[in-house]
Amino acid sequence: MIVGVTYDLLRWEERNLIQEATKLGHKVIPIYTKDFYHLFSEDNQFQNLDVVLQRNTSHQRALSTSLIFETLGYNVINDSRTLINCENKLITTAILSRHNIKVPKTAIAFSKDKALEVASKLGYPAVIKPIEGSWGRMVAKAVDEDTLRSFLEYQDYTSVGFKNVYYIQEFVRKPDRDIRIFVIGDEAPVGIYRVNTKNWRTNTALGAIAEPLKIDDELKDLALKVKEVIGGFFLGIDIFEDKERGYLVDEVNGVPEFKNTVRVNQFNLSEYLIRKIEEWIRK
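Treat the numbers as computed from the prediction; the structure is a model and nothing was measured. (Residues numbered from 1 in each chain as written. Predicted model: local features only at pLDDT ≥ 70, side-chain atom pairs only at ≥ 80, totals over all residues. Heavy atoms only, no water.)

Caption draft 1: Spatial organisation of the packing of aromatic side chains. In total, this model carries eight aromatic pairs according to the counting rule given. Aromatic side chains F182 and F234 sit 6.2 Å apart centroid to centroid with 25° between the ring planes, which places their arrangement in the stacked category. Of this pair, F182 sits in strand β9 (residues 177-184) while F234 sits in strand β12 (residues 234-242), placing them 52 residues apart in sequence. Its relative accessible area of 4% is what places F234 among the buried residues. (Phe/Tyr/Trp six-rings, centres within 6.5 Å; stacked < 30°, edge-to-face > 60°. Helix = DSSP H or I, 4+ residues; strand = E, 2+ residues; numbered from the N terminus. Buried < 20%, exposed > 50% of the residue type's maximum accessible area, 1.4 Å probe, protein only.)

Caption draft 2: Fine view of the side chain of K89. Mapped onto the elements, K89 comes out in helix α4 (residues 89-98). Buried and unpaired, K89 has E251 as its nearest opposite-charge partner, separated by 4.3 Å. For K89, the side chain forms a polar contact with the main-chain oxygen of P130, separated by 3.3 Å. Residues within four places of K89 in sequence aside, it is in contact with K129, P130, I131, E132, G133, Y167 and E251. (Lys, Arg positive; Asp, Glu negative; His and termini not counted. Salt bridge = Lys/Arg side-chain N within 4 Å of Asp/Glu carboxyl O. Polar contact = N/O pair within 3.5 Å; in protein donor to acceptor, adjacent residues only side chain to side chain. Contact = heavy atoms within 4.5 Å.)

Caption draft 3: View of the packing of helix α1 (residues 12-23) against helix α9 (residues 269-282). Contact pair α1 / α9: the axes reach a minimum separation of 9 Å and the direction vectors enclose 55°. Between α1 and α9, the interaxial angle falls into the category oblique. Taken as a pair, α1 and α9 cross one another with a handedness that is right-handed. From α1, N16, L17, E20 and A21 reach across to α9, where they touch S270, E271, L273 and I274. (Axes fitted to C-alpha atoms, helices over the stretch in contact; angles between N-to-C directions. Parallel < 35°, antiparallel > 145°, perpendicular 65-115°, else oblique. Left-handed = near helix turned anticlockwise from the far one by under 90°.)

Caption draft 4: Quick peek at the pattern of salt bridges. Tallying each qualifying case throughout the model produces 20 salt bridges. With a closest N to O distance of 2.8 Å, R177 and E241 form a salt bridge. One end of the pair, R177, is in strand β9; the other, E241, is in strand β12, and 64 residues separate them in sequence. Since its relative accessible area comes to 25%, R177 is described here as partly exposed.

Caption draft 5: Geometry of the sheet that holds strand β7 (residues 140-142). Sheet architecture is open: four strands sit in the order β5-β8-β6-β7, paired in antiparallel fashion. Edge strands, defined here as strands with exactly one partner in the open sheet, are β5 (106-109) and β7. Taken pair by pair, the neighbouring strands of this sheet meet at an average axis angle of 30°, ignoring direction. For β5 and strand β8 (residues 166-170), the ladder comprises four bridges, and the chain directions are antiparallel. (Pairing = 2+ DSSP bridges.)

Caption draft 6: Layout of unusual backbone geometry. Look at the link from I77 to N78: it is a cis peptide, with omega at 5°. Residue placement: N78 occurs in the loop between β4 (76-77) and α3 (80-87). Residue P125 follows Y124 across a cis peptide bond; omega there is 0°. Despite not being glycine, N100 has its phi angle at roughly 60°, a positive value.

Structure below.
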């Protein structure tokens, strides 16, 4: 295969994907997004790419470049529709709910007064999140109405998209961890627990510790159902464990990081992904 890898930051994941694809005998063309442009009126500058791996950390660059490469007729992992479904939390929650996949109790409001009103129905502490964003940035836990009011006002003065749409969730009483499970093609081969030691947020970017996860049948079936309704080929799915309700799907990532998953599981995720792409392209 000829594999394009589009990126804006060359992290461990991108280097490992390039290395493993090359080991398997494929030609890899790195595409640094900040040096990339496309003129719709001119010929395609990339010829004969079998697949493009979307690895931009910027959601805007990821969505834009996936759309461009799709327009050129390439297979893109993940495609623009999947990225929209994943990176907008409102869209993700709406799709999951519509397909009866359990999620944390979530409210959407369009004014601060209604946001405060619905938060009181959810109960405190409540969690406020930006509609778009990753790595736990701007996710905050409000312990009471006064604290939430401050967070709402702070959001109003940011430059984030959808800043006048308030996304508020219950604070799920889960263990001091959550689950990140990966779907690759038609399989859910590996995952981790993300254990929080210093911060209530369980993002490894904020100091959570990764531990190996044994995937049970229920968790595997849930992950594959999420993939079926969200779309995509390579997803990182974040799941909470609730004592009464069981597994709750919190978020879905369309350009997932996996360094810590590889490290703690001794699982060659990049090789697995490339081999699943080989199967997909042959079909």
